[in-house]
Amino acid sequence: MDERSGLALVGRSLPAAGDDAAVVDDLLVTTDMLHETTDFPEGTTRYTAGWRAVAASLSDVAAMGASARCAVAVYAAPRFDGDELGAFLDGAQAVCASVDAEYVGGDLDDHEEFTVATTAIGRTDDPVRRSGATPGEAVCVTGTLGRTAAAIRLFPDDPDRANDLFQFPPRVPAGRALAPHASAMMDSSDGLARSLHQLSEASDCGFAVDSATLPVDEAVEAVAEDEADRRELATHYGEDFELVFTTDAPAAAQAASPTPVTQVGEVTESSITMNGEPLPDRGYTH
């Protein structure tokens, strides 16, 4: 059973589990686990790890159009180093402060590899689900795509730049601003292509996307080998944590968002295509 099959089983057993976050009354609850071997390349600072781990959970709050209230984390490592733990806390606090939330602690544990489990709490009385997309609407994304893919390629030779790229901004303010305009929304942690497939499944629709409209991050331009590689990094690599959403008023959404919004295609009756060709359901896999 892969992760998606496991999540589907959880969803069938626990209806309150929601989409990007669980919904309990007007509270949103979400949790994530990151490991050194799969999520923190060599050269990742503990500050960046604190920022990124907590930001991943805050991104789930953003994806449902909620405000962020607080976050906690379990920090596990083979040994505890005061400087490393302090840097992690600084990163966790800084990313929470950036979205008007508070980092309020967590737990410490021994583990064979550096591992972080984070939980974030949000609040909204009208969460945006994945299931509201309608044919004829626009499909849009916030920010730029491929940021994490570029960071991974830069870590060996330019760790400072790579760490900067890894400290992505969780789109909580944009999610709040877009909530009144979005019919369906999620974050792009698994990549644009897989996000479209997940939205398609939830909304029973299709998508037609034009690769020429994709807002590819400038860092990708510096590391991509050719146009095919550029498109791969922007479309399938994942871990960008931008918002992918549908709307019948793209101009209003673009005007409302504090983060740049780009229309990349439209909602169709069925099938998911890019430039008229089937877009594979391929992306980040845990």
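Cut-offs used in this document
- Residues numbered from 1 in each chain as written.
- Predicted model: local features only at pLDDT ≥ 70, side-chain atom pairs only at ≥ 80, totals over all residues.
- Heavy atoms only, no water.
- UniProt positions renumbered as here; feature names shortened; annotations may be inferred.
- Buried < 20%, exposed > 50% of the residue type's maximum accessible area, 1.4 Å probe, protein only.
- Contact = heavy atoms within 4.5 Å.
- Polar contact = N/O pair within 3.5 Å; in protein donor to acceptor, adjacent residues only side chain to side chain.
- Helix = DSSP H or I, 4+ residues; strand = E, 2+ residues; numbered from the N terminus.
- Phe/Tyr/Trp six-rings, centres within 6.5 Å; stacked < 30°, edge-to-face > 60°.
- Lys NZ or Arg CZ within 6 Å of the ring centre and 35° of its normal.
- Axes fitted to C-alpha atoms, helices over the stretch in contact; angles between N-to-C directions.
- Parallel < 35°, antiparallel > 145°, perpendicular 65-115°, else oblique.
- Left-handed = near helix turned anticlockwise from the far one by under 90°.
- Nonpolar A, V, L, I, M, F, W, Y, C, P; charged D, E, K, R; others polar.

Caption draft 1: Representation of the UniProt feature "binding site: Mg(2+) 3" (unreviewed entry) in the protein within the structure. Within the UniProt annotation, "binding site: Mg(2+) 3" (unreviewed entry) is assigned to D20, D60 and D187. Across 168 residues, the annotated set stays spatially compact, with a maximum C-alpha separation of 7.7 Å. Given the relative accessible area of 8%, D60 is considered buried. The residues touching D60, leaving out its near neighbours within four places in the chain, are D20, A21, T30, D32 and D187. A polar atom in the side chain of D60 sits 2.7 Å from the side chain of T30. Tracing the sequence through the fold places D187 in strand β7 (residues 184-187). The exposure class assigned to D187 is buried, which follows from its relative accessible area of 2%.

Caption draft 2: Structural context of the UniProt feature "binding site: ATP" (unreviewed entry) in the protein. The positions that UniProt labels "binding site: ATP" (unreviewed entry) are, in the present scheme, G106, D107, R130 and S189. Considering the C-alpha atoms alone, the annotated residues occupy 84 residues of sequence and remain spread out, their largest mutual distance being 32.3 Å. Within the element layout of this structure, G106 appears in strand β4 (residues 102-110). Accessibility expressed as a relative area gives 61% for G106, which makes it exposed. As for its position among the elements, R130 is in the loop between β5 (115-123) and β6 (138-142). Take R130: its relative accessible area is 16%, and that puts it in the buried class. Setting aside residues up to four positions removed in sequence, R130 forms contacts with D19, D20, A184, M185, M186, Q198, L199, A202 and S203. For R130, the side chain forms a polar contact with the side chain of D20, separated by 3.1 Å.

Caption draft 3: Highlighting the packing of aromatic side chains. Evaluation of the coordinates by the stated rule reveals seven aromatic pairs. Aromatic side chains F168 and F241 sit 4.4 Å apart centroid to centroid with 5° between the ring planes, which places their arrangement in the stacked category. Taken together, the residues F168 in the loop between α6 (159-166) and α7 (172-178) and F241 in the loop between α10 (227-235) and β9 (243-247) connect sequence positions 73 residues apart. For the pair shown, F168 and F241 are each scored as buried. An aromatic cluster of three or more residues is present, and its members are F40, Y75, F80, F88 and F114. For the cation-ring pair, R46 lies above F114, with the distance from its terminal atom to the ring centre recorded as 3.6 Å. One cation-aromatic arrangement involves R52 over F166; the distance from NZ or CZ to the ring centre is 3.9 Å.

Caption draft 4: How the structure looks around the packing of helix α3 (residues 46-63) against helix α4 (residues 82-98). In contact at an axis separation of 6 Å, α3 and α4 are set at 40° when each is read in the N-to-C sense. In terms of their interaxial angle, α3 and α4 are classed as oblique. The way α3 lies across α4 gives a crossing that is right-handed. Contact with α3, carried on its side by R46, Y47, A49, G50, W51, V54, A55 and L58, involves E84, A87, F88, D90, G91, A92, A94, V95, C96 and S98 of α4 and no other residues of that element. Among the residues making up the contact of α3 with α4, the classes are represented as twelve nonpolar, three polar and three charged.

Caption draft 5: Spotlight on unusual backbone geometry. Phi angles above zero are rare outside glycine, and D25 is one such case at about 55°. Counting through the fold element by element, D25 comes out in the loop between β1 (22-24) and β2 (27-35). Here D25 falls in the exposed class, since its relative accessible area comes to 73%. Here the phi dihedral of N275 falls at roughly 55°; this positive angle occurs in a residue that is not glycine. Here N275 shows up in the loop between β11 (272-274) and β12 (277-278). The class of N275 is partly exposed, set by a relative accessible area of 38%.

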